[in-house]
Amino acid sequence: MSTGSTARSLPGSGEERRHLIVAIVNNKPGVLNRVASLMRARNFNIESLAVSVTERSDTSRMTLTIVGDEVHVEQAAKQLYKLIDVLKVQDVTDESIVEHEFALIKVRATKRTRPEIVSVAEMHRSKVVDLGDEAVIVEAVGEPTEIDTLVELLREFGIKELVRTGSVVMSRGSGSIEEQVKR
Amino acid sequence: MTQAGHVPGAGTPAASAAERARRDMLRDARITARDGVRPRIGADALCEAILLQGSDTIWGYPGGVILPLYDVLVDHPELRHILVRHEQAASHAADGYARASGNVGVCLGTSGPGATNLVTGIGTAMLDSVPLVVITGNVPNALIGKDAFQEIDITGITLPMTKHNYLVRSADEIPHVIAEAFHLARSGRPGPVHVDITKDALMGQTTATHPSVAEVEAGLPGYKPKLDGHPRQIKLLAEAIAGAKRPVILAGHGVLIARAERELLELARAAHIPITWTLLGIGVIDETDPLAYGYMGMHGWKHVNRAIQSADLLIGIGMRFDDRVTGNVRTYAPKAKIVHIDIDPAEIGKNVVADLPIVGDAKHVLDALLPLTTKVDPTTRVDYFAELATWRTESEASSWHGSGGFRDGVLSADFVVERVAAGSNFDANLTADVGQNQMWVARYGGFRRANSHLSSGGLGTMGFALPAAMGAAVAVPGKVSWAIAGDGGFQMTLQELATIVQERIPVKIALMDNKKLGMIRQWQEIVYGGNYHSEELAGPDYLKLCEAYGLPAWKVAKPEEVDAAVAAALAADGPALIWFEIAERQNVYPMMPAGKGLSDLIDKWGDDGEDITEGDSGPRVDPTDPQSGGAR
Ligand SMILES: Cc1ncc(C[n+]2csc(CCOP(=O)(O)OP(=O)(O)O)c2C)c(N)n1
Ligand SMILES: [Mg+2]
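Fair warning: this is a prediction, and the values are worked out from it, not measured in the lab.

Participant: Help me understand the domain arrangement of chain B in this model?
Facilitator: How large an interface is tends to be reported as the accessible area lost when its parts come together. Residue and element names in this part refer to chain B. What the domain assignment lists for chain B is domain 1 (13–218), domain 2 (231–394) and domain 3 (399–581). Its C-alpha centre places domain 2 at a distance of 30 Å from the equivalent point of domain 3. If you look at the interface, domain 2 gives 17 residues, while domain 3 gives 19 residues. Summed over both partners, the interface of domain 2 with domain 3 comes to about 1500 Å²; 60% of that surface belongs to carbon and sulfur atoms. Of all residues in domain 2, Leu 279, His 299 and Trp 301 bury the most surface against domain 3, accounting for 37% of the area lost on that side. In this structure, the connection of domain 2 to domain 3 is made through 1 salt bridge. Taking the shortest distance from any N to any O, the salt bridge between Asp 286 and Arg 448 comes out at 2.8 Å.

See below:
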């Protein structure tokens with residue numbers, strides 16, 4: 001008899017998109033494992049993750065990108081916040097932020113293609129940081145989509161190796177997520 | 001000059017430290033002679049810290065690396081150590097101790113297998129929000145990560161099933177970590193906290209002092225449970241209640257944890273709302289109260305599920321709308337606005353979309369709500385309550401309920417549960433196992449008091465009843481402690497008979513022997529079209545078993561013998577067991593097959609009453625339906 005009049009909607013059936021989450025955590029051994037374990041156990045897929053120490057040596061900052069609808073991502077943030085070592089979690093996707101990523105791209109090169117590669121890099125606010133006979137390394141900083149474009153262009157020459165850090169973000173203006181941590 | 005060897009890093013300081021630790025493990029050296037003044041070591045600090053937290057019982061089992069603790073236990077006589085027969089039982093006993101008393105339970109095991117044996121009990125406590133502090137020993141610091149004897153990455157294992165866990169490598173950390181562990185275990189949404197302590201930390205000398213609560217809280221900047229609900233939301237709730245025609249309260253474990261039974265009843269009385277409860281919410285209200293409507297969900301009362309399905313306002317308090325409660329969410333309470341009160345913000349919006357979410361402790365929220373609640377004149381809800389009463393009469397007129405206990409020459413389980421509970425005037429602590437017996441206890445236990453019902457709800461851990469009832473008996477010596485277990489679950493932890501005999505723990509055991517994995521048989525009958533496999537279960541002669549262990553036992557196969565056996569077991573000084581040979585094929589009805597909705601109950605009541613015959617009941621459920629899941 002489950003022909004209900006109005007079916008109740010399930011949590012998390014909204015539209016999926018990429019979210020940027022910032023977590024301020026205790027800088028202790030094992031905290032990264034706690035975060036990773038939680039995301040795995042609860043079926044949240046981390047697209048990218050960047051971790052480093054903050055202004056204070058006892059705290060670290062994680063930037064996670066997760067794809068999901070609002071409810072799904074909010075659930076991830078709430079679960080993260082339940083970890084004792086997590087001090088602050090914020091979804092900054094819709095805030096005014098600077099989002100940048102760093103990449104090193106080792107491109108196959110010959111005497112003939114080298115100048116071309118260098119000019120492609122320069123046109124994209126990137127620089128060549130190593131110039132070898134058979135390969136050059138391009139260093140890129142920018143929004144992930146900018147890096148995508150550059151990688152696409154360099155692919156023509158042949159990419160031998162690619163490493164990207166994942167996004168790090170910071171809000172514009174004077175606001176500070178770190179200062180919001182209540183101690 | 002260092003000599004090159006086949007051991008990686010040989011000759012380095014790390015290698016010699018590991019070598020020293022290895023030698024110490026082999027020697028298992030006592031630190032000092034007890035006569036004469038001995039220095040205070042980490043193990044002493046551990047005992048002191050536990051006592052300072054108000055816990056006086058440890059359920060444990062010794063082993064190599066934890067021996068330094070056993071070496072000093074004699075110097076802390078206020079701390080009672082109860083030796084179990086298997087570490088799983090230590091964790092369940094600590095869990096039962098915690099559920100029955102509301103205090104933190106403490107259990108202990110050695111590294112490696114001792115620690116892994118505790119894991120089932122940790123998971124059980126995690127899913128049911130039970131405050132435990134679980135202590136394990138670990139190998140000396142220098143051997144960590146070396147696959148030393150009995151070394152396992154136990155903090156890696158317990159990480160996803162604890163509220164928090166620690167690896168302690170120095171004696172100086174012990175006072176602070178233990179105080180923090182207790183604080184985390186019992187505050188906010190409670191849960192198990194695991195503290196793994198290396199042998200060096202247990203043996204190291206220390207003068208570290210015990211921190212105050214303020215110091216503990218100051219050290220936890222990332223942990224601030226939110227107790228008070230948002231005033232605006234609470235005001236909206238008061239308005240929603242004032243406007244509701246068919247409100248229903250769904251009370252869960254959170255009400256008991258917050259000790260908010262009185263406030264709950266005040267709300268129900270003021271606004272004239274029936275109270276229903278989840279499995280772990282049993283005991284939030286005296287079941288004989290006129291506003292107590294019943295147990296909900298998969299094997300809940302049909303009238304209760306009907307009330308939920310027809311409600312216009314559901315007020316969930318300290319419960320989490322889990323799948324055993326809602327069935328298919330899409331068809332759940334289609335006309336109701338859902339209010340969800342819970343201390344854990346992550347519960348809100350997880351399983352159902354809440355129309356009115358309130359994050360806070362049940363007691364705090366109810367305290368704030370009560371002054372805003374408009375009194376409802378019961379006469380305005382006459383029709384509603386009359387309909388509820390009709391539905392209740394209908395579901396209680398079923399063929400099994402109150403059947404007089406006798407069907408086809410065998411004992412009926414519901415009757416046995418009811419008589420066991422009645423034997424102590426419905427004031428005993430009843431600990432259920434898992435399976436059909438658990439559902440019969442939930443339905444027919446007739447509970448009248450908070451924390452008198454203990455059950456592994458979230459994890460559904462077979463083998464829970466006997467050890468947990470043991471914990472309850474020690475925690476609350478003034479109340480009778482019954483373990484009501486199926487023959488399957490009982491055989492999973494029956495080694496604890498030796499513990500209750502040795503320690504004279506007066507657990508009374510009602511063994512519900514249907515010679516089957518009853519719940520499995522029921523699912524195979526109803527969900528798998530009678531394709532039975534592995535549900536026939538042989539067991540020992542339980543009278544001989546009890547004789548061997550040294551506890552009195554009775555065997556009962558006729559309804560008219562039940563009361564006398566219960567009285568005899570209660571009169572026995574110490575533990576006792578009654579072997580109830582119950583109907584072999586009785587099903588628990590009604591039943592909501594997983595994936596179906598609360599309105600899709602399979603219910604044989606009032607038909608021909610032929611529920612004991614196999615293979616003929618109810619619609620067949622598609623076992624390949626991904627929503628159907630497995631048996632409990
Ligand atoms: C440790 C564990 N293993 C398996 C199960 C799956 N299971 C749930 S109920 C059940 C049968 C229980 O049989 P019994 O203890 O005799 O209780 P009855 O249902 O007959 O009352 C099983 C195997 C479980 N819940 N826990
Ligand atoms: Mg059985």
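Structure's up, so let's keep going.
Participant: Would you mind going over the coordination of the magnesium ion (ligand 2) with me for this structure?
Facilitator: Reference values for angles at a metal are 109.5 degrees in the four-donor tetrahedral case and 90 or 180 degrees in the six-donor octahedral case. The protein atoms that coordinate the magnesium ion (ligand 2) are Asp487(B) (OD), Asn514(B) (OD1) and Lys516(B) (O), at distances spanning 2.0 to 2.2 Å. Residue class for Lys516(B) comes out buried when judged on its relative accessible area of 2%.

Participant: Got a minute to help me understand the packing of aromatic side chains in this structure?
Facilitator: The relative placement of two aromatic rings is captured by the distance of their centres and the angle of their planes. Residue and element names in this part refer to chain B. In the structure shown here, the tally under the stated rule is 5 aromatic pairs over all chains. Where Phe 321 meets Tyr 332, the ring centres are 6.2 Å apart and the plane angle is 80°; that geometry is what we call edge-to-face. Note that Phe 321 is positioned in the loop between β10 (313–317) and α14 (323–326) and Tyr 332 in the loop between α14 and β11 (337–342), a separation of 11 residues in sequence. Among the residues examined, Tyr 332 registers a relative accessible area of 0% and is labelled buried. Aromatic side chains Tyr 384 and Phe 385 sit 5.5 Å apart centroid to centroid with 75° between the ring planes, which places their arrangement in the edge-to-face category.

Participant: Would you mind showing me how to read unusual backbone geometry here?
Facilitator: With glycine set apart, most residues show a phi of negative sign, and most peptide bonds adopt trans. All names here are of chain B. The step from Tyr 589 to Pro 590 runs through a cis peptide bond, and the omega angle for that step is 0°. Positionally, Pro 590 belongs in the segment after β20 (576–581). Here the phi dihedral of Asn 425 falls at roughly 55°; this positive angle occurs in a residue that is not glycine. Here Asn 425 is to be found in the loop between α17 (413–423) and β15 (429–432). The phi angle at Asn 451 is positive, at roughly 60°, despite the residue not being glycine. Tracing the chain through its elements places Asn 451 in the loop between α18 (436–444) and β16 (453–454).

Participant: How do you make sense of helix α2 (residues 70–82) of chain A when you look at a structure like this?
Facilitator: Quick reminder: α-helices carry 3.6 residues per turn. Residues three or four places apart thus point the same way. Residue and element names in this part refer to chain A. Here α2 contains 13 residues, and its C-alpha end-to-end distance of 18 Å stays within 8% of the 18 Å for a straight helix at 1.5 Å per residue. Of the positions making up α2, those classed as buried are Val 73, Gln 75, Ala 76, Ala 77, Lys 78, Gln 79 and Leu 80. Taken together, the buried residues of α2 touch β1 (17–26), α1 (31–41), β3 (59–68) and β4 (86–91).

Participant: Would you mind going over the interface of chain A and chain B with me for this structure?
Facilitator: At the junction of the two partners, chain A supplies 24 residues and chain B supplies 32 residues. Roughly 2500 Å² of surface becomes buried between chain A and chain B when both sides are summed, with 54% attributable to carbon and sulfur atoms. By the criterion of area lost to chain B, the three top residues of chain A are Arg8(A), Arg34(A) and Ile84(A), representing 33% of everything that side buries. Across the contact surface, chain A and chain B share 1 salt bridge. With a shortest N-O distance of 2.5 Å, Asp344(B) and Lys82(A) are connected by a salt bridge. Inspection of the chain A/chain B interface yields 9 residue pairs in polar contact (both at pLDDT 80 or more). Of all elements in the fold, only α1, α2 and β4 of chain A reach the threshold of two or more residues within the side of chain A that touches chain B. Looking at the side of chain A that touches chain B element by element, the count peaks at 6 residues for α2(A).

Participant: I tried to follow the sheet that holds strand β18 (residues 507–513) of chain B on my own but got confused; where do I start?
Facilitator: As a general point, the strands of a sheet are linked pairwise by backbone hydrogen bonds and lie either parallel or antiparallel. Residue and element names in this part refer to chain B. Strand order in this open sheet of 6 strands is β16-β15-β17-β18-β20-β19, and the pairing throughout is parallel. The open sheet is flanked by β16 and β19 (553–556), the only strands paired with a single partner. Pairing between β15 and β16: 2 bridges, direction parallel. Among the inter-strand pairings, Leu 430 is bridged to a residue of β16, identified as His 453.

Participant: What should I look at first to understand the environment of Leu313(B) in this one?
Facilitator: Residue and element names in this part refer to chain B. One can find Leu 313 in strand β10. For Leu 313, a relative accessible area of 2% corresponds to the buried category. With 26 residues separating them along the chain, Leu 313 and Val 339 place their C-alpha atoms 7.5 Å apart. Excluding residues within four positions of it along the chain, Leu 313 makes contact with Ala 240, Ile 241, Ala 244, Arg 246, Pro 247, Val 248, Ala 336, Lys 337 and Val 339.

Reading the values: rules and limits
Residues numbered from 1 in each chain as written. Chains lettered and ligands numbered in written order. Predicted model: local features only at pLDDT ≥ 70, side-chain atom pairs only at ≥ 80, totals over all residues. Heavy atoms only, no water. Domains from an automatic or database assignment. Contact = heavy atoms within 4.5 Å. Buried area = accessible area lost by both parts, 1.4 Å probe. Salt bridge = Lys/Arg side-chain N within 4 Å of Asp/Glu carboxyl O. Donors = N, O, S within 2.8 Å, 3.2 Å for Na, K, Ca; no water. Buried < 20%, exposed > 50% of the residue type's maximum accessible area, 1.4 Å probe, protein only. Phe/Tyr/Trp six-rings, centres within 6.5 Å; stacked < 30°, edge-to-face > 60°. Helix = DSSP H or I, 4+ residues; strand = E, 2+ residues; numbered from the N terminus. Expected span 1.5 Å × (residues − 1). Polar contact = N/O pair within 3.5 Å; in protein donor to acceptor, adjacent residues only side chain to side chain. Pairing = 2+ DSSP bridges.

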